[in-house]
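Structural overview
If you want the building blocks of each chain, they are given just below.
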Amino acid sequence: MPLGELINNRRVNKRLGLRALARKLDIAPSYLSDIENNRRVPSEEVLHRISEVLDLDFDILMREAGRLGKDAEQYIRDNELAGRLFRRIADSQLNREGLENLLTSLDRMEEQEDRE
């Protein structure tokens, strides 16, 4: 489902008017309308506020917006191996199970570092 439709559907399901949601998000109603009609892609910060106010998964919103996140993008730019790893993942077209295995391995590595 496109980002704007996802946000619009959740807003309507929560019985929030466009202006009311825009106030909660601290953005102009016209900007929210543009987002819901897929004319503008919101910033990472606005996506985060939308996820909190509408109880939507932030990672799904980021994916639908075509964003990695400023920290991830900076990390990839600063670390040649991170870019290489990301390109290999993309080239191999890992399925969901493969990606979940990578995330599980990363979780284990983080836990091990925390113990040390």
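Look a little higher up for the structure.
Here the structure is a predicted model, which is why all the values come from computation and not from measurement.

What follows concerns the pattern of salt bridges. Summed over the entire model, instances satisfying the criterion amount to six salt bridges. Between D34 and R39 there is a salt bridge; the shortest N-O distance is 3.0 Å. A salt bridge links R96 to E100; its shortest N-O distance comes to 3.1 Å. A residue pair is termed a helical-turn pair when its members lie 3 or 4 positions apart in one helix, as R96 and E100 do in helix 8 (residues 96–115) at four residues. Judged by its relative accessible area of 65%, R96 falls in the exposed class. Of the residues examined, E100 reaches a relative accessible area of 39% and is grouped as partly exposed.

Turning to helix 2 (residues 18–25), its buried residues are L21, A22 and L25. Angularly, the buried residues of helix 2 cover 100° about the axis, an arc narrow enough to put them on a single face. Facing away from the buried side of helix 2 by more than 90 degrees, the exposed set consists of R19, R23 and K24. Once helix 2 finishes, D26 follows within two positions and takes phi at roughly 60°, a positive value.

Okay, the packing of helix 6 (residues 70–78) against helix 7 (residues 80–92) next. For the pair helix 6 and helix 7, the least separation of the axes is 5 Å and the interaxial angle reads 110°. Put simply, helix 6 runs roughly perpendicular to helix 7. Between helix 6 and helix 7, the contacting residues are Y75, I76 and D78 on the first element and E80, A82, G83 and F86 on the second. When its residues are assigned to classes, the contact of helix 6 with helix 7 shows four nonpolar, one polar and two charged.

This part is about the nonpolar core. Residues I7, I27, L32, I50, L54 and L61 are the most contacted members of the largest nonpolar core, which totals 19 residues. Listing elements by their share of this core, those giving two or more residues are helix 1 (3–13), helix 2, helix 3 (29–36), helix 4 (44–54) and helix 5 (58–65). The element contributing the most residues to this core is helix 4, with four residues. Look past the residues within four positions of L54 in its chain and what remains in contact with it is I7, R10, R11, K14, L16 and L21.

Residues lying three or four places apart along an α-helix face the same way, a consequence of the helix completing one turn every 3.6 residues. Looking at helix 5, one finds that the buried residues are L61, M62 and A65. Around the axis of helix 5, the buried residues are gathered within 100° of arc, so they sit on the same side. What points out from helix 5, more than 90 degrees from its buried face, is the exposed set D59 and R63. Against the buried residues of helix 5 lie helix 1 and helix 4. Sitting at the head of helix 5, D57 places a side-chain oxygen 2.8 Å from the backbone nitrogen of D59.

Rules and cut-offs
Residues numbered from 1 in each chain as written. Predicted model: local features only at pLDDT ≥ 70, side-chain atom pairs only at ≥ 80, totals over all residues. Heavy atoms only, no water. Salt bridge = Lys/Arg side-chain N within 4 Å of Asp/Glu carboxyl O. Helix = DSSP H or I, 4+ residues; strand = E, 2+ residues; numbered from the N terminus. Buried < 20%, exposed > 50% of the residue type's maximum accessible area, 1.4 Å probe, protein only. Arc of directions from axis to C-beta. Axes fitted to C-alpha atoms, helices over the stretch in contact; angles between N-to-C directions. Parallel < 35°, antiparallel > 145°, perpendicular 65-115°, else oblique. Contact = heavy atoms within 4.5 Å. Nonpolar A, V, L, I, M, F, W, Y, C, P; charged D, E, K, R; others polar. Core = buried A, V, L, I, M, F, W, Y, C linked by side-chain atoms within 4.5 Å. Polar contact = N/O pair within 3.5 Å; in protein donor to acceptor, adjacent residues only side chain to side chain.

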